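What the coordinates show
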Amino acid sequence: MKLGIKRKEFIPYYQAIIDSNTGKTVGCEVLMRWKMADRMVPPNQFIPFAESSGLILDMTKSLIDHVVLDIQKLCKFEQSLFFSINIVPEHLESDDLYLLLKQIMQTNVLGHHRLSLEITERLPIKDLNAARERLNKIYSLGIDLKIDDAGTGYGGFSYILNLGVSTLKIDKMFVDTIGNTESFNAKTIDAIIGFANQSGLEMIAEGVESQNQVEYLAQRGVHLIQGYVYAKPEPADTFFQQLQKRQG
Ligand code: C2E
Ligand code: CA
Ligand code: CA
């Protein structure tokens, strides 16, 4: 894997996030792929090891560099988009990520686009106070934080509020149960949406595959949609080409 990092084999794919009210793309999630000679390796085959070994720190750094280059080279889009990067709690244990982001913001290489971060609720944050202090520095750069896999993991409502997140990403696990009133998760999704609405958090629903789900979510005020119903994760050239067409 170290060799793969050196050879720059870890590359970004982009999945559009679309406002179901307008059909317009508002941003995207950056999803890592391992580009091998003959195939693209999906993250579930290497991210767990990358995370447990600490290699994820270098991989995220080179991923962000790659995204910045892609935006400069390929993005001709007039409206402002956010590019959401997945981070892990370890990223909040040193100033490295903050310094990288600061440098990017100072050089203004993104134009009118912006970076955003998402952190999963699956992994615990060891020192919440220290993490919050680092996050405040990152927020001061104009970069926000989304909580990923909300409702599936370690957190809880007060945990989410304490981190100062802007957005809650509703996990596919809950979206999948829409239409199935017997399921426990179907009640949970309504509770998550209720909490986010009351707390003034934005929401993005993930893993949305049907129009039926889009409508259920829209009725409850969830308009930002990430899922195969609109777009799959795509390589940079396809994603940036499709951007214009999807607005059409
Ligand atoms: P995630 O952060 O929850 O990302 C969303 C996953 O759901 C992506 O899988 C995406 O392709 C998939 N997805 C989106 N919409 C749909 C849909 O409508 N149907 C279905 N079946 N799937 C959908 P992917 O790309 O395989 O990534 C898996 C996980 O790997 C991510 O889950 C994230 O936890 C991790 N990951 C990916 N890139 C990075 C990264 O750069 N850093 C870190 N730390 N983790 C990453
Ligand atoms: Ca994510
Ligand atoms: Ca997720």
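Residues numbered from 1 in each chain as written. Chains lettered and ligands numbered in written order. Predicted model: local features only at pLDDT ≥ 70, side-chain atom pairs only at ≥ 80, totals over all residues. Heavy atoms only, no water.

**Details of the pattern of salt bridges**
Counted according to the given criterion, the structure contains 14 salt bridges. With a closest N to O distance of 3.8 Å, Lys 126 and Glu 93 form a salt bridge. Taken together, the residues span a long stretch of sequence, with Lys 126 in the loop between β5 (114-120) and α5 (128-139) and Glu 93 in the loop between β4 (82-87) and α4 (96-107) at a distance of 33 residues. Given the relative accessible area of 75%, Lys 126 is considered exposed. Taken together, the shared-partner salt bridges in this structure form one network comprising Glu 29, Glu 118, Lys 169 and Glu 206. (Salt bridge = Lys/Arg side-chain N within 4 Å of Asp/Glu carboxyl O. Helix = DSSP H or I, 4+ residues; strand = E, 2+ residues; numbered from the N terminus. Buried < 20%, exposed > 50% of the residue type's maximum accessible area, 1.4 Å probe, protein only.)

**Looking at the site of ligand 1**
Residues in close proximity to ligand 1 total 23 residues, the closest being Met 32, Arg 33, Asp 148, Glu 209 and Tyr 228. Between ligand 1 and the protein, one listed contact pairs an oxygen atom with a side-chain N or O atom of Asp 149 at 3.4 Å. Residue assignment for the shell around ligand 1 shows that the elements contributing at least two residues are β2 (24-35), α2 (47-53), α3 (56-74) and β6 (145-150). Of the residues forming the shell around ligand 1, the biggest block, four residues, is contributed by β2. Of the residues contributing to the shell around ligand 1, the split by class is 10 nonpolar, four polar and nine charged. (Near = heavy atom within 4 Å. Polar contact = N/O pair within 3.5 Å; in protein donor to acceptor, adjacent residues only side chain to side chain. Nonpolar A, V, L, I, M, F, W, Y, C, P; charged D, E, K, R; others polar.)

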